[in-house]
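Tertiary structure, described
The residues making up each chain are set out below.
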Amino acid sequence: MRKFPLIAALIGLGLPAFAEDRALLMGVSRYDDLGRVSSGRDVLRATDALRDAGYDLSTLSDGDARAMLRLSGDLARNAADADRLVVGLSGRFVTDGSRTWYMATNAPNPNLFTIGQSAISVDSMMSVMANAPGQAILVLGRDARDDDEIGPYLREGLGDLDIPQGVTVIIGGPSYSDDVLIDAVAEPGGNVMAYIRDSRRLRAEGYRPASLIMQTDQDRPAPTAPTVDVALDAWTTAQDVDTADSYRDFIFTYPDSRYAPEARRRLDAIENDPQRLAEIAEGQLNLTRNQRRGIQRDLTLLGYNTRGVDGIFGPGSRGAIRNWQQSNGFTQTSYLNREQINRIDAQASRRQAEIEAEEARAREEALRLDRAYWEETGARGDVAGYRAYLERYPNGAFADEAKKKLAELTEPEQPQQPDRDQAQQQERALRINPILARLIESRLSQLGFNPGQVDGRFDRDTRGAIGRYQSSRNLPATGYLSEPTLARLLADTFQ
């Protein structure tokens, strides 16, 4: 609040109260489900400068949605009486292209219909700031590299901001959000627009006059000594926010107060919290999105459902990590370190080898049955035996030999071409698309009939697998799909 020499006398005379300069700073580095934002809390370094400049300031570090909405509501209620408004928001932003939201620390992976429950609207914040046209500055600190799509309707970053008349929006990286506030906005005589023009890291949108000076020498209030009541109020605020930064700020400001020992105890508990330390350790690994996808694939292979392989560690991935940690004797933090990642990779490699070995055994067993059937039919060297073998195994290991011998013993017309033509027509009638074709090949592989490469193309290996499957299920072994064969195959269970 700006001080004037006769304020006490004016209040005594019942004159109207002077308007206040109001400011709000919120910074988020640590998210429960979204990725960590480096330097996201740096904007809070401008706290002392804005308070010294006379702003009635509220701050929030790594705040949840409830705390963010409460402070934003307080600003909205008091904005109409403010001469100057300054807001700094730093962390992760999400947009649908036209609207933009600032995400709270407890925000889950957002979707278009629930995002408002875990974020504050940047558009609404700009509308509030329009109460101080020409003296309203909104600083948005975001990493310009964060522009990944989030589903079909949302993406990270800022949308097309519809900035109200008289509101200046400054955009830059999180680590530069405090600099413009300290060195220009709160600095007496500081020209905000000149500062932006000299910076390669910041840009201004909306209201951009040639000169914008928010603070003059006359605006700076005389410092006042803190009282016991001020320390108590600050301690109450620190407890309400309940973050490491809130206790650290209190200790720095009131190191000798009677509340300082408890503040130090709480700060130590937060900074040594295993969950927090695990999150920091994972963040320091700087995992790429492809590396995260690899971890998700490994966990899925091991039977831990990550609810998708998208490179984003959301609630599904965190739950899968937590379940894996529980099964393997680790502290259940839902965050990974290098040792755990290596162990997951080793376990997944072993499981993949086991699956391949199981498939090899299934192929060997299928070949053994094929050979045994041949010995009882085609190996006897008569027409009936060859036909019996080919009916069961039209593309079996001995099919070529059976066909050759049968051709030598029978007339050329005897191979049942009309039946094959009919089988081909039945398969064409099913209108099998490439996706269904890959599913059919995958099922044949899972059931141990070795269709070759799963590529959606029915080649000789695929035909042989279909024929072997039909024979094993007492279906006409044509090597082509019919409606009964397809229905049985899709509903069949592993042997």
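Residues numbered from 1 in each chain as written. Predicted model: local features only at pLDDT ≥ 70, side-chain atom pairs only at ≥ 80, totals over all residues. Heavy atoms only, no water.

1. A closer look at the overall build of the chain
Condition: The helix count covers DSSP runs of H or I at least four residues long, the strand count covers runs of E at least two residues long, and both are numbered beginning at the N terminus. Both definitions apply: the radius of gyration is a C-alpha atom measure, and the globule rule equals 2.2 Å times residues to the power 0.38. To sort residues, take the accessible area from a 1.4 Å probe on protein chains only and compare it with the maximum for the residue type: under 20% means buried, over 50% means exposed, and anything in between is partly exposed. By definition in these notes, contact holds between two residues if any of their heavy atoms fall within 4.5 Å. Computed by Shrake-Rupley with a 1.4 Å probe, the accessible areas treat only the displayed protein chains as cover when residues are assessed. Counted charges follow a simple rule, with Lys and Arg positive, Asp and Glu negative, and His plus the chain ends left uncounted. In this description, the location of a charge corresponds to atom NZ of lysine, CZ of arginine, CG of aspartate or CD of glutamate.
Scanning the chain from terminus to terminus reveals 19 helices and eleven strands. In terms of C-alpha radius of gyration, the chain reaches 35 Å, well past the compact-globule figure of 23 Å for 495 residues. Overall size of the chain, expressed as C-alpha extent along the three principal axes, is 125 × 50 × 40 Å. Among the 495 residues that make up the chain, the fraction classed as buried is 43%. Restricting to contacts in the chain with at least 6 residues of sequence separation, those with at least 24 account for 60%. Summed over its atoms, the accessible surface of the chain is roughly 26200 Å², and 48% of this surface lies on carbon and sulfur atoms. Each charge class in the chain was averaged separately, 61 positive and 73 negative side chains, and the resulting centres sit 3 Å apart.

2. Observations concerning the confidence of the model for the chain
Low pLDDT marks stretches whose predicted atomic positions should not be read closely. Here is the rule we go by: pLDDT gives the predictor's per-residue confidence on a scale running from 0 to 100.
Residue-level pLDDT values for the chain average 84, and 91% of them are 70 or greater. Below a pLDDT of 50 lies the segment residues 1-18, which in the model reaches 15 contacts outside its immediate sequence neighbourhood of four places, other chains included. Here residues 412-418 scores under 50 on pLDDT; set against residues more than four positions off or in separate chains, the count is one contact.

3. Some thoughts on helix α9 (residues 260-271)
An α-helical turn contains 3.6 residues, so any two residues separated by three or four positions project in the same direction. To keep it simple, the criterion reads: Helix span is expected to be 1.5 Å times the residue number reduced by one. The arc in question is the one spanned by the directions pointing from the helix axis to the C-beta atoms.
Compared with the 16 Å implied by 1.5 Å per residue over twelve residues, the 16 Å span of α9 between its first and last C-alpha is a close match. By the burial criterion, the buried members of α9 are Ala260, Ala263 and Leu267. All buried residues of α9 lie within an arc of 55 degrees about the axis, which places them on one face of the element.

4. Notes on the pattern of salt bridges
Working definition: two side chains of opposite charge can pair if their charged atoms are close together. Note the following rule: The term salt bridge refers to a pairing of a side-chain nitrogen on Lys or Arg with a carboxyl oxygen on Asp or Glu at a separation within 4 Å.
Summed over the entire model, instances satisfying the criterion amount to 22 salt bridges. Across the pair Arg84 and Asp21 runs a salt bridge whose closest N-O atoms are separated by 2.9 Å. Residue Arg84 is located in strand β3 (residues 82-90), and its partner Asp21 is located in strand β1 (residues 20-27); the two are separated by 63 residues in the primary sequence. Here the salt bridges share partners, and the residues they tie into one network are Arg41, Asp62, Asp245 and Arg248.

5. Some points on the packing of helix α8 (residues 244-253) against α9
Under the convention used in this document: Here, axes are lines fitted to C-alpha atoms. For helices the fit covers the stretch in contact, and angles between N-to-C directions go from 0 to 180 degrees. With respect to orientation, any angle under 35 degrees is reported as roughly parallel, any angle over 145 as roughly antiparallel, any angle of 65 to 115 as roughly perpendicular, and every other angle as oblique. Definitions for this section: a left-handed crossing has its near helix turned counterclockwise from the far helix by less than a right angle. A right-handed crossing has that turn clockwise. By the convention adopted, Pro, Cys, Tyr, Trp, Phe, Met, Ile, Leu, Val and Ala count as nonpolar, Lys, Arg, Asp and Glu as charged, and the other residues, Gly among them, as polar.
Two numbers describe how α8 lies on α9: the axes approach to 9 Å, and their chain directions differ by 150 degrees. Taken together, α8 and α9 sit at an angle that is classed as roughly antiparallel. At the point where α8 passes α9, the crossing takes the left-handed sense. In this structure, α8 uses Ala244, Tyr247, Arg248, Phe250 and Ile251 to contact α9, whose residues at the interface are Ala260, Ala263, Arg264, Arg266, Leu267, Ile270 and Glu271. Per-class residue counts for the contact of α8 with α9 are eight nonpolar, no polar and four charged.

6. Observations regarding the packing of aromatic side chains
The line we're drawing: A pair of aromatic rings is counted whenever rings of Phe, Tyr or Trp (Trp by its six-membered ring) have centres within 6.5 Å, and the orientation is called stacked for planes under 30 degrees apart, edge-to-face for over 60 and tilted otherwise. Ring-over charges, as used throughout, are those where CZ of Arg or NZ of Lys falls within 6 Å of the ring centre and within 35 degrees of the ring normal.
All chains considered together, the criterion is met by 14 aromatic pairs. Between Tyr373 and Tyr393, the aromatic rings sit 5.6 Å apart at their centres with planes inclined by 70 degrees, giving edge-to-face as the arrangement. With Tyr373 in helix α13 (residues 338-376) and Tyr393 in the loop between α14 (383-392) and α15 (399-409), this pair connects stretches of sequence that are 20 residues apart. Of the residues examined, Tyr393 reaches a relative accessible area of 9% and is grouped as buried. Aromatic rings pair up to connect Tyr373, Trp374, Tyr386, Tyr389, Tyr393 and Phe398 into one cluster. The aromatic ring of Phe313 is capped on one face by Arg292, whose charged end is 4.6 Å from the ring centroid.

7. Notes on the sheet that holds strand β2 (residues 55-61)
Operational definition: We treat two strands as partners when DSSP finds at least two bridges between them.
Here we have six strands laid out as an open sheet, ordered β2-β1-β3-β7-β10-β11, and mixed in their pairing. Each having just a single partner strand, β2 and β11 (202-206) make up the two edges of the open sheet. Recorded for the sheet is a direction-independent mean angle of 15 degrees between the axes of neighbouring strands. In this structure, strand β7 (residues 136-141) lies alongside strand β10 (residues 167-172), joined through six bridges in parallel fashion. Note on β10: the bridge partner recorded for Val139 is Ile170.

8. Description of α13
Heads up, the condition is: Any pair of nitrogen or oxygen atoms within 3.5 Å is treated as a polar contact; in protein, a donor-acceptor pairing is required on top of that, and neighbouring residues in sequence qualify only through side-chain atoms on both sides.
Here α13 spans 57 Å end to end across 39 residues, near enough to the 57 Å set by a 1.5 Å rise per residue. Looking at α13, one finds that the buried residues are Gln340, Ile341, Ile344, Gln347, Ala348, Asp370 and Trp374. The inward-facing, buried residues of α13 contact α11 (289-301), α12 (315-327), α14 and α15. Between a side-chain oxygen at the N-terminus of α13 and the backbone nitrogen of Glu339 the separation is 3.2 Å; the capping residue is Asn337.

9. Some thoughts on the environment of Lys403
Within the secondary structure, Lys403 sits in helix α15. Along the backbone, Lys403 and Gly378 are 25 residues apart, and their C-alpha atoms lie at a distance of 9.9 Å. Those residues within four positions of Lys403 in sequence are excluded, and the remaining contacts are Leu390 and Pro394.

10. Quick look at the sheet that holds strand β8 (residues 149-150)
Strand order in the open sheet formed by five strands is β6-β5-β4-β9-β8, with antiparallel pairing between adjacent strands. Of all strands in the sheet, those with a lone pairing partner are β6 (119-121) and β8, marking the two edges. With two bridges connecting them, β8 and strand β9 (residues 154-156) associate as antiparallel partners. By the bridge assignment, Ile150 is partnered in β9 with Leu154.

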